[in-house]
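What the coordinates show
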Amino acid sequence: MRPAGHRRLIGDNGSVTAIDDALKANLHYAAEFGPPLDPPRPKLALVLCMDARIDPIRALGLPSGSAHIIRNAGGRLVDAIRSLVISQSIIGTEEVAIVHHTQCGMQTFTDAEIRQKLRDERNAIADDIAFLSFHDLEQAIRDDIRIYRQSPLLRQDIPVRGFVYEVETGRLREIL
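Structural notes, computed from the coordinates. (Residues numbered from 1 in each chain as written. Predicted model: local features only at pLDDT ≥ 70, side-chain atom pairs only at ≥ 80, totals over all residues. Heavy atoms only, no water.)

1. Section: the overall build of the protein chain
Within the protein chain, the secondary structure is distributed over five helices and five strands. Sequence-ordered secondary structure for the protein chain, helices as α and strands as β, is α-β-α-β-α-β-α-α-β-β. Taking the principal axes of its C-alpha atoms as reference, the protein chain extends roughly 50 × 50 × 35 Å. Within the protein chain, contacts between residues separated by at least 24 positions form 59% of all contacts whose residues are at least 6 apart in sequence. Of the roughly 11,400 Å² of accessible surface on the protein chain, 55% is carried by carbon and sulfur atoms. (Helix = DSSP H or I, 4+ residues; strand = E, 2+ residues; numbered from the N terminus. Contact = heavy atoms within 4.5 Å. Areas by Shrake-Rupley, 256 points an atom, 1.4 Å probe, with all protein chains shown as cover.)

And the structure:
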């Protein structure tokens, strides 16, 4: 049974798409779904990379509804400010963890390189976009904490800590 308005998409080679696989898995999930949870009141907001190797729920032992998980390329704070403001001001989160990780793809290019790639491959100009690539992982975390501390939009009376998630071991290492 397909969700209303869903059209099955077939890949170029006639195969089922990744979205179709996800929809099939969702049917199994929904079949075992329990009653609705009360509105969440998480105390923790996590800002972390969108890398698919990181499963923050399992890696941090987070029960459902216990954290706001804000993800973007590189886990960069600048991209997360809007969501953090809502998390803190509306929901009331009281702690922030910024989590970057080893082997991050954001360390493999510069903003200038991706802008040139977009010009070459798509004839697209992206000079006004900060892609927020970085080379020094620990310094990027320190920079994000500094940006957090300089923002008048974000709570300054709560703990804000930075970590490196090691994709090789699954461990978190705090950056001071």
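2. Considering unusual backbone geometry
Phi is positive for N123, close to 55°, though the residue is something other than glycine. A relative accessible area of 68% places N123 in the exposed class. Of note in this structure, L132 is not a glycine but carries a positive phi near 65°. As for its position among the elements, L132 is in the loop between α4 (111-122) and α5 (137-150). A residue is classified by how much of its surface remains accessible, and L132, at 19% relative accessible area, is buried. (Buried < 20%, exposed > 50% of the residue type's maximum accessible area, 1.4 Å probe, protein only.)

3. Some words on α5
With 14 residues, α5 ought to run about 20 Å at 1.5 Å a step, and its terminal C-alpha atoms sit 20 Å apart, in line with that. Buried residues of α5: L137, A140, I141, D144, I145 and Y148, and no others. Burial along α5 is one-sided: seen end-on, the buried residues are contained in an arc of 140°. On its buried face, α5 sits against α3 (77-91), β3 (95-101), β4 (160-165) and β5 (172-175). Here α5 starts with a cap whose side-chain oxygen sits 3.2 Å from the backbone nitrogen of E138, and that cap is D136. (Expected span 1.5 Å × (residues − 1). Arc of directions from axis to C-beta. Polar contact = N/O pair within 3.5 Å; in protein donor to acceptor, adjacent residues only side chain to side chain.)

4. Some remarks on α3
At S83, α3 shows its maximal kink, close to 40°. Considered for burial, the residues of α3 that qualify are L77, A80, I81, L84, S87 and Q88. Packing partners of the buried residues in α3 comprise β1 (44-49), β2 (67-72), β3 and α5. A positive backbone phi angle near 95° is found at G92, which sits one or two residues after α3. (Bend = angle between axes of the 7 residues up to and from the residue.)

5. Quick look at the nonpolar core
The biggest cluster of nonpolar side chains holds 33 residues, and the ones touching the most others in it are L77, L84, V96, I98, V99, Y148 and V160. Of all the elements in the fold, those that place two or more residues in this core are β1, β2, α3, β3, α5 and β4. Once residues within four sequence positions are removed from consideration, I98 is found in contact with V47, G75, L77, D144, I145, V160, R161, G162 and F163. (Core = buried A, V, L, I, M, F, W, Y, C linked by side-chain atoms within 4.5 Å.)

6. With respect to the packing of α3 against α5
Two elements in contact, α3 and α5, have axes whose closest approach is 11 Å; the angle formed by their N-to-C orientations is 45°. Regarding the angle of α3 to α5, the classification is oblique. With respect to the hand of their crossing, α3 and α5 are arranged in right-handed fashion. Residues L77, V78, I81, L84 and Q88 of α3 lie in contact with α5, whose contacting residues are D144, I147 and Y148. (Axes fitted to C-alpha atoms, helices over the stretch in contact; angles between N-to-C directions. Parallel < 35°, antiparallel > 145°, perpendicular 65-115°, else oblique. Left-handed = near helix turned anticlockwise from the far one by under 90°.)

7. Some remarks on the pattern of salt bridges
With the rule as written, the count across this model stands at twelve salt bridges. R146 is the salt-bridge partner of D143, the closest N and O atoms lying 3.8 Å from each other. Within this pair, D143 and its partner R146 are both found in helix α5, separated by three residues, close to a single helical turn. Its salt-bridge partner being E174, residue R161 comes within 2.8 Å of it at the nearest N-O pair. Highlighted residues: R161 in strand β4 and E174 in strand β5, separated in sequence by 13 residues. Judged by its relative accessible area of 41%, R161 falls in the partly exposed class. Here E174 falls in the partly exposed class, since its relative accessible area comes to 32%. (Salt bridge = Lys/Arg side-chain N within 4 Å of Asp/Glu carboxyl O.)

These figures capture arrangement, not role.
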